[in-house]
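Take a look at the letters that make up each chain.
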Amino acid sequence: MLGQNVRVAFCWRERRDLDTMAVWYQHVLGMDREEFGPDRRIALKFGNQKINLRPTGASNWPTGAVDTPGSLDLCFITTAAPADVLNHLRATGTAVTEGPVQRTGALGPMTSIYCRDPDGNLVEIAKYAGR
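Please read all numbers here as calculations on a predicted model, not as lab measurements.

Q: What am I meant to see in the nonpolar core here?
A: Note on soluble globular proteins: their nonpolar side chains tend to be buried together. Residues Tyr25, Leu53, Phe76, Leu89 and Val123 are the most contacted members of the largest nonpolar core, which totals 20 residues. Tallying contributions element by element places helix α1 (residues 18-29) first for this core, with 6 residues.

Set out below in structure tokens:
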């Protein structure tokens, strides 16, 4: 078993409108946009991670069995206080769908706040207790 030697290198997200999605993640979550490859694919980078954005219905890109925008639930861990996350989301005009609420993550108790990106994907922003 691979256990703790495994980490996420990147993930792909199907998008209806790549530019709208990239701008939202840049503005709301502070990610950096990167364009790469000969066809100028778009990635969003944060720390040592990245999310590649793929247009829905792209025939030249491998994808999962179902190519459907709005079908992903994604959790980001932050060191910011939940009140600061709420204030930031409100300042960017992002509706909070739930939270702050207590949840349990891979490292224990955390406080989570939920919103949706422009395609309707569920985005959880969580802070671990005592971290």
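Q: Looking at this structure, how should I read the pattern of salt bridges?
A: Side chains bearing opposite charge may pair, as long as their charged atoms lie close to each other. Using the criterion set out here, one finds 6 salt bridges in the structure. A salt bridge links Glu34 to Lys45, with the shortest nitrogen-to-oxygen separation between them at 3.7 Å. In this pair, Glu34 sits in strand β2 (residues 32-36) while Lys45 sits in strand β3 (residues 41-46), placing the two residues 11 residues apart along the sequence. Of the charged contacts, one joins Arg40 and Glu35 as a salt bridge, the two residues approaching to 3.7 Å between their closest N and O atoms. Given a relative accessible area of 36%, Glu35 falls into the partly exposed group. Residues joined in a network through salt bridges with shared partners are Asp19, Arg33, Glu35 and Arg40.

Q: Quick question: what am I supposed to make of the packing of aromatic side chains here?
A: What characterises a pair of aromatic rings is the spacing of the ring centres plus the angle enclosed by the ring planes. Counting across every chain of the model gives 2 aromatic pairs. With centroids separated by 4.8 Å and ring planes inclined at 75 degrees, the aromatic side chains of Trp24 and Tyr25 adopt a geometry described as edge-to-face. According to the relative accessible area criterion, Tyr25 is buried, its value standing at 0%. When the centroid spacing of 5.4 Å and the interplanar angle of 80 degrees are considered together, the rings of Phe46 and Phe76 count as edge-to-face. Taken as a pair, Phe46 in strand β3 and Phe76 in strand β5 (residues 73-77) lie far apart in primary sequence, 30 residues in all. Phe46 gets classed as partly exposed once you look at its relative accessible area, which sits at 26%. Owing to a relative accessible area of 11%, Phe76 belongs among the buried residues under this scheme. Looking at Lys50, its charged tip hangs above the ring of Phe36, at a distance of 4.4 Å from the centre.

Q: What should I look at first to understand the sheet that holds β5 in this one?
A: Pairing between the strands of a sheet comes from backbone hydrogen bonds, and it takes one of two forms, parallel or antiparallel. With mixed pairing, 4 strands are arranged side by side in an open sheet as β5-β8-β7-β6. Edge positions in the sheet fall to β5 and β6 (96-105), since each of these pairs with one other strand and no more. Within the sheet, the average angular offset between the axes of one strand and its neighbour, ignoring direction, is 25 degrees. In this sheet, strand β7 (residues 108-116) lies alongside β6 in antiparallel orientation, the contact comprising 7 bridges. The residue bridging Gln102 from the neighbouring strand is Thr111, located in β7. In the packing of helix α2 (residues 82-91) onto the sheet, the strands contacted are β6, β7 and β8 (122-128), and the crossing angle to β7 comes to about 5 degrees.

Q: For this particular structure, what's the right way to read the pairing of β3?
A: On a regular strand, each side chain points to the face opposite its neighbour's, so the side chains alternate between the two faces of the sheet. Strand direction decides the pairing type here: β2 and β3, joined by 5 bridges, are antiparallel. Note on β3: the bridge partner recorded for Glu34 is Ala43. Where β2 hands over to β3, the hairpin turn is made up of 4 residues, of which Gly37 adopts a positive phi near 75 degrees. Here β3 pairs with strand β4 (residues 49-55) via 5 bridges, running antiparallel. Looking across to β4, one finds that Leu44 is bridged to Ile51. Where β3 folds back on β4, the antiparallel hairpin that results is connected by 2 residues, among which Gly47 adopts a positive phi of roughly 60 degrees.

Cut-offs used in this document
Residues numbered from 1 in each chain as written. Predicted model: local features only at pLDDT ≥ 70, side-chain atom pairs only at ≥ 80, totals over all residues. Heavy atoms only, no water. Core = buried A, V, L, I, M, F, W, Y, C linked by side-chain atoms within 4.5 Å. Buried < 20%, exposed > 50% of the residue type's maximum accessible area, 1.4 Å probe, protein only. Helix = DSSP H or I, 4+ residues; strand = E, 2+ residues; numbered from the N terminus. Salt bridge = Lys/Arg side-chain N within 4 Å of Asp/Glu carboxyl O. Phe/Tyr/Trp six-rings, centres within 6.5 Å; stacked < 30°, edge-to-face > 60°. Lys NZ or Arg CZ within 6 Å of the ring centre and 35° of its normal. Pairing = 2+ DSSP bridges. Axes fitted to C-alpha atoms, helices over the stretch in contact; angles between N-to-C directions. Contact = heavy atoms within 4.5 Å.

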